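Residues per chain, in single letters:
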Amino acid sequence: MPGLLRGVARTAVVAGTATAVSNRVSRRQQGRWAAQSGQQPGYQEAPPPPPAPAPTSSTADDMTNKIDQLKQLGELKTQGVLTEAEFEEQKRRLLA
């Protein structure tokens, strides 16, 4: 069981780090593109679309978290980290 938690935690850390790096690269590129577009007269960039409204219900957040965790468990099972029995046990705990 501790090995499972370690694996899930490692996966979460890797995913979080990848997201942070990706966001940083995107912000850098946007800054560079903004600087380049400022040098080119006559070019008008369309305004960015408004951000999607965040779900206001905590139950929606809870369900999204459960779905994400189920996906992670499925990936671990596919990778061979979890056995079928371990996967079923974790799924049962998550959905209880």
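Residues numbered from 1 in each chain as written. Predicted model: local features only at pLDDT ≥ 70, side-chain atom pairs only at ≥ 80, totals over all residues. Heavy atoms only, no water.

Undergrad: Please give an account of the overall build of the protein that cites residues and values.
TA: When its secondary structure is counted, the protein shows three helices and zero strands. Taking all 96 residues of the protein together, the buried fraction comes to 9%. As displayed, the protein offers around 7900 Å² of accessible surface, 58% of which is attributable to carbon and sulfur atoms. (Helix = DSSP H or I, 4+ residues; strand = E, 2+ residues; numbered from the N terminus. Buried < 20%, exposed > 50% of the residue type's maximum accessible area, 1.4 Å probe, protein only. Areas by Shrake-Rupley, 256 points an atom, 1.4 Å probe, with all protein chains shown as cover.)

Undergrad: How would you explain the nonpolar core if you had to name every residue and give the values?
TA: Core analysis: the biggest nonpolar cluster contains six residues, these being Leu4, Leu73, Leu76, Leu82, Phe87 and Leu94. The contact partners of Leu94, leaving out residues within four places of it in the chain, are Lys66, Gln69, Leu70 and Leu73. (Core = buried A, V, L, I, M, F, W, Y, C linked by side-chain atoms within 4.5 Å. Contact = heavy atoms within 4.5 Å.)

Undergrad: Give me the pattern of salt bridges: which residues, what numbers.
TA: Taken as a whole, this structure holds five salt bridges when the rule is applied. Where Asp62 meets Lys66, a salt bridge forms, and the shortest distance between an N and an O atom there is 3.9 Å. Taken as a pair, Asp62 and Lys66 lie in helix α2 (residues 58-79) at a separation of four residues, close to a single helical turn. For Asp62, a relative accessible area of 39% translates into the label partly exposed. (Salt bridge = Lys/Arg side-chain N within 4 Å of Asp/Glu carboxyl O.)

Interpretation in functional terms is not warranted from these geometric data alone.
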